[in-house]
Amino acid sequence: MANTSELKRPTLIDGMGRKIVNLRISVTDRCNFRCTYCMPADNVEFMDRSHLLSFEEITRIVGVVSKMGIYRLRLTGGEPLLRKDLPQLVKMLSNVEGIEDVAMTTNAFFLKEHAQPLWDAGLKRLNISLDALDKEKFTHVNRRDCLEEVLEGMKAAREAGFPIKVNAVAMKNFSETEIVRLVEMGRSEGFEIRFIEFMPLDADQTWERDKVLLGHEILDIINKKFELTPIQDSLEIGPASEYRFADGKGKIGIITAVSNPFCDYCNRIRMTADGKLRTCLFSANEHNLKELIRANGTDADIEQRIREALVTKEPGHKINLDDFERPTRAMHAIGG
Ligand code: SAM
């Protein structure tokens, strides 16, 4: 993987003075699951495939942003492993000068087959989504009966050598029974479990504040069984407030996206599978990079459009304000 020393790396600053180092790249809006907090149960309208950026187009944009100061990438979707030949893209992105870290978020279903080729291609880290270890709850929330396949995929990923974080969406009257089980699995398998407060990004638009299991409620549940010590300043490096187990056996993270958003420290931008740059998960505006590329725009044109977008990066999302408006895209079409 190309490695630029911190001294040589350019610095990319948004309109609020935040340093932007991360690009999340959605490679498809399609998914083999239909999670209740993300997608509709059926009749999903997916993007026409002709709108998806090709691997070459994605790599070209990454070449531009890496010269601007972005050095960490995360592939996501939809389910990124539904995109054919994904290890090929990982290899192309890993070879871009200045890119130091390529990671992926996945539901793990296809990892049994793909973990090793992804590792060999240069993928460094995996975030795996797993909301429940109870089979019925898993099947209910994912609307797919395949807990076994997911656990096998996780095993294959660990055997390939991946550091793994597990993402669990925290929902009231659902997650309470799963929290300690997930934490115990994390401690025994060496995964960092991260609980994410349920956000208003579900296609069914059933989100209500009362359905969110809040960060402090999650901590209360864990604290009944395990003593935790907060890790200072963890929000300055990532979206999770992190805690170490007092017995030294691992750590957990809580992403309080609703009750205590990390927007002041946000260091990321996103690109949808159809090449629209989004400066926030909850952005009302998108910046069309695909259009620019397909109209023979130069790298300088792409850079300029990204810089213009960054000036407008939102100070914070407005979930807690009266004038909050849901984005028109659901999470699977933005890229989680
Ligand atoms: N298919 C992949 C997966 O399952 O990890 C990647 C895409 S998924 C949209 C990315 C992440 O977004 C997952 O960890 C998922 O739990 C999270 N997510 C989706 N909808 C969410 C919501 N409404 N609130 C909080 N997290 C959500």
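Residues numbered from 1 in each chain as written. Predicted model: local features only at pLDDT ≥ 70, side-chain atom pairs only at ≥ 80, totals over all residues. Heavy atoms only, no water.

Draft legend 1. Fine view of the overall build of the protein. Counting its regular elements, the protein contains ten helices and twelve strands. Since a compact globule built from 336 residues should have a radius of gyration of about 20 Å, the 19 Å found for the protein is in line with a globular shape. Taking the principal axes of its C-alpha atoms as reference, the protein extends roughly 55 × 45 × 45 Å. The buried share among the 336 residues of the protein stands at 58%. Restricting to contacts in the protein with at least 6 residues of sequence separation, those with at least 24 account for 74%. Accessible surface for the protein amounts to roughly 15200 Å². Of this, 48% is attributable to carbon and sulfur atoms. Of note, the protein has its 48 positive side-chain charges centred 3 Å away from the centre of its 52 negative side-chain charges. (Helix = DSSP H or I, 4+ residues; strand = E, 2+ residues; numbered from the N terminus. Rg over C-alpha atoms; globule rule 2.2 N^0.38 Å. Buried < 20%, exposed > 50% of the residue type's maximum accessible area, 1.4 Å probe, protein only. Contact = heavy atoms within 4.5 Å. Areas by Shrake-Rupley, 256 points an atom, 1.4 Å probe, with all protein chains shown as cover. Lys, Arg positive; Asp, Glu negative; His and termini not counted. Charge placed at Lys NZ, Arg CZ, Asp CG, Glu CD.)

Draft legend 2. Summary view of the site of the ligand. Not every one of the 19 residues close to the ligand is listed here, only the nearest: Tyr37, Gly78, Glu79, Ser129 and Met199. Between the ligand and tyrosine 37, the relevant distance is 2.9 Å, taken from a nitrogen atom to a main-chain nitrogen or oxygen of the residue. (Near = heavy atom within 4 Å. Polar contact = N/O pair within 3.5 Å; in protein donor to acceptor, adjacent residues only side chain to side chain.)

Draft legend 3. Just the packing of helix 1 (residues 55-68) against helix 9 (residues 299-311), in detail. With their axes 10 Å apart at the nearest point, helix 1 and helix 9 run at an angle of 65 degrees to one another. Taken as a pair, helix 1 and helix 9 cross one another with a handedness that is right-handed. On helix 9, the residues that touch Arg60, Val64, Val65 and Met68 of helix 1 are Asp299, Ile302, Glu303, Ile306 and Arg307. Class assignment for the residues of the contact of helix 1 with helix 9 results in five nonpolar, no polar and four charged. (Axes fitted to C-alpha atoms, helices over the stretch in contact; angles between N-to-C directions. Left-handed = near helix turned anticlockwise from the far one by under 90°. Nonpolar A, V, L, I, M, F, W, Y, C, P; charged D, E, K, R; others polar.)

Draft legend 4. Fine view of the packing of aromatic side chains. Counting across every chain of the model gives six aromatic pairs. With 5.0 Å between their ring centres and 80 degrees between their planes, tryptophan 119 and phenylalanine 162 make a pair best called edge-to-face. Of this pair, tryptophan 119 sits in helix 3 (residues 111-121) while phenylalanine 162 sits in the loop between helix 5 (147-160) and strand 5 (164-170), and the two are 43 residues apart along the sequence. Residue classification places phenylalanine 162 among the buried residues on the basis of a relative accessible area of 5%. Measuring from centroid to centroid gives 5.7 Å for phenylalanine 282 and phenylalanine 324, while their planes differ by 70 degrees, and the two rings are edge-to-face. Here the residue phenylalanine 282 occupies a position in the loop between strand 11 (276-278) and strand 12 (287-288), and phenylalanine 324 occupies one in the loop between helix 9 and helix 10 (331-334), the gap between them amounting to 42 residues. For the pair phenylalanine 282 and phenylalanine 324, one class covers both residues: buried. Across from the ring centre of phenylalanine 245, 4.6 Å away, lies the NZ or CZ of arginine 187, which sits over that ring. (Phe/Tyr/Trp six-rings, centres within 6.5 Å; stacked < 30°, edge-to-face > 60°. Lys NZ or Arg CZ within 6 Å of the ring centre and 35° of its normal.)

Draft legend 5. Broad picture of the sheet that holds strand 12. Read from one edge of the open sheet, twelve strands run 7-8-9-6-5-4-3-2-1-10-11-12, paired in mixed fashion. Edge positions in the sheet fall to strand 7 (228-230) and strand 12, since each of these pairs with one other strand and no more. When strand 1 (residues 22-26) meets strand 2 (residues 72-76), the two strands line up parallel, connected through five bridges. If you follow serine 26 over to strand 2, its bridge partner there is threonine 76. Each of strand 5, strand 6 (192-197), strand 8 (241-245) and strand 9 (251-255) touches helix 6 (residues 179-189); the most contacted strand, strand 6, lies at about 150 degrees to it. (Pairing = 2+ DSSP bridges.)

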